[in-house]
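An overview of the molecular structure
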Amino acid sequence: MADRVYPAKPPAAPGAAPAFPATKAQLYGANRPAYRPQPQRKFRRSRRSCCCCLCFWITLIILSLLLLAAIAGAAVYVIYRPHRPDFTVSGIKISTLNVTSSSQLASNIAVNITARNPNKKIVFTYNPIDISVFSAADGGVSLGTAKVPAFVHGAKNTTVLKAAISGGQQLDDAAAKKLRGELKGKNGVALRIRADTKVKVKMGGLKTPKVAIRVVCSGIKATAPTGKSPTTGSVAGADCKVDLRVKIWKWTF
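Residues numbered from 1 in each chain as written. Predicted model: local features only at pLDDT ≥ 70, side-chain atom pairs only at ≥ 80, totals over all residues. Heavy atoms only, no water.

Some details on the overall build of the protein
Along the backbone of the protein there are three helices and 14 strands. Sequence separation of 24 or more characterises 68% of the internal contacts of the protein that already satisfy a separation of 6 or more. Roughly 17,400 Å² of accessible area belongs to the protein as shown, and the carbon and sulfur atoms make up 58% of that amount. (Helix = DSSP H or I, 4+ residues; strand = E, 2+ residues; numbered from the N terminus. Contact = heavy atoms within 4.5 Å. Areas by Shrake-Rupley, 256 points an atom, 1.4 Å probe, with all protein chains shown as cover.)

The structure is reproduced here in structure tokens:
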């Protein structure tokens, strides 16, 4: 077999650098554009900084408003010294109170409630008041309801509320039996009086919205009349509790 003859490589030019094969980076990245950093991170940092600054100022404003409201509320409390109105049962007279054999209730009760405003600079304005009388036993029976006209309760003022309460409703057998047993007791029947209405409070130029108020008086003893003369109930142990929630800033009374 004849030997193959390869042509000889031309000699390199004098002073030229020797030729080396191209690397992979040169082959595959020759046309790739140069990397240039994007300014997105800097923009995100700037936006995050703005959000933090905004949250800080909002929090500071809210805290400042709360502080000012607390100072104003404290000033109002120091100036006016608000107190709830005071109620007492000053008298109760029973003209009729009995249950018929057919479980029909008949009642005629006169109630006097004394309302006192202990405040020097606060005025209470009451809506018409619903006054109800119940027997004080558990699951007490309603003996009647009356309505007292609206009135303005001035500072350091005492007002007597007079209600003529009557009832004639049909009772169920269980309620009629319970009430008959209470009326026959030696100590008389224990009564509970409840007054419900709405009130508006005025302190100087400040007026609150109307809020509900409930007065519950217990510890009243009464006996049913046996003849035409009415009987007078005992109010020596009467105790009235006032449920009133008037909130001015952080102060509640």
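Description of the environment of threonine 96
Mapping threonine 96 onto the fold places it in strand β1 (residues 86-99). Separated by twelve residues in sequence, threonine 96 and asparagine 108 place their C-alpha atoms 4.8 Å apart. Beyond its immediate chain neighbours, meaning those up to four positions away, threonine 96 contacts Ala106, Ser107, Asn108, Ile109 and Pro225.

As for the packing of aromatic side chains
Overall, the coordinates contain three aromatic pairs when judged by the stated rule. Relative to tyrosine 126, the ring of phenylalanine 87 lies with its centre 6.4 Å away and its plane at 80 degrees, an arrangement referred to as edge-to-face. Highlighted residues: phenylalanine 87 in strand β1 and tyrosine 126 in strand β3 (residues 122-126), separated in sequence by 39 residues. Taken individually, phenylalanine 87 and tyrosine 126 each receive the classification buried, so the pair is uniform in this respect. Three or more aromatic residues link up through ring pairs in this structure, and these residues are Phe87, Phe124, Tyr126 and Phe151. (Phe/Tyr/Trp six-rings, centres within 6.5 Å; stacked < 30°, edge-to-face > 60°. Buried < 20%, exposed > 50% of the residue type's maximum accessible area, 1.4 Å probe, protein only.)

Things to note about the side chain of serine 107
Structurally, serine 107 can be placed in strand β2 (residues 105-116). What makes serine 107 buried here is its relative accessible area of 7%. At 2.5 Å, the side chain of serine 107 forms a polar contact with the backbone oxygen of leucine 143. Here the side chain of serine 107 touches glycine 167 through a polar contact of 2.9 Å, landing on its backbone nitrogen. Leaving out residues up to four positions away in the same chain, serine 107 has contacts with Thr96, Leu97, Leu143, Ile165, Ser166 and Gly167. (Polar contact = N/O pair within 3.5 Å; in protein donor to acceptor, adjacent residues only side chain to side chain.)

Examining the state of the cysteines
The final tally for this structure, using the stated rule, is one disulfide. What pairs with cysteine 217 in a disulfide is cysteine 240, and their sulfur atoms sit 2.0 Å apart. The sign of the S-S torsion, about 110 degrees, decides the handedness of the disulfide formed by cysteine 217 and cysteine 240: right-handed. Note that cysteine 217 is positioned in strand β10 (residues 211-222) and cysteine 240 in strand β12 (residues 239-244), a separation of 23 residues in sequence. This pair shows no difference in class: cysteine 217 is buried, exactly as cysteine 240 is. (Disulfide = S-S within 2.5 Å.)

A short note on the pattern of salt bridges
This structure, assessed with the given rule, holds four salt bridges. Salt bridges sharing partners connect three or more residues here, namely Arg194, Asp196 and Arg214. (Salt bridge = Lys/Arg side-chain N within 4 Å of Asp/Glu carboxyl O.)

Some words on the nonpolar core
Grouped together as the largest cluster of nonpolar side chains are 44 residues, with contacts concentrated most on Phe87, Ile131, Leu191 and Ile193. Ranked by residue count, the leading element in this core is strand β8 (residues 189-203), at seven residues. In contact with phenylalanine 87, not counting residues within four places along its chain, are Ile113, Thr114, Ala115, Tyr126, Ile213, Val215, Cys240 and Val242. (Core = buried A, V, L, I, M, F, W, Y, C linked by side-chain atoms within 4.5 Å.)

Interpretation in functional terms is not warranted from these geometric data alone.
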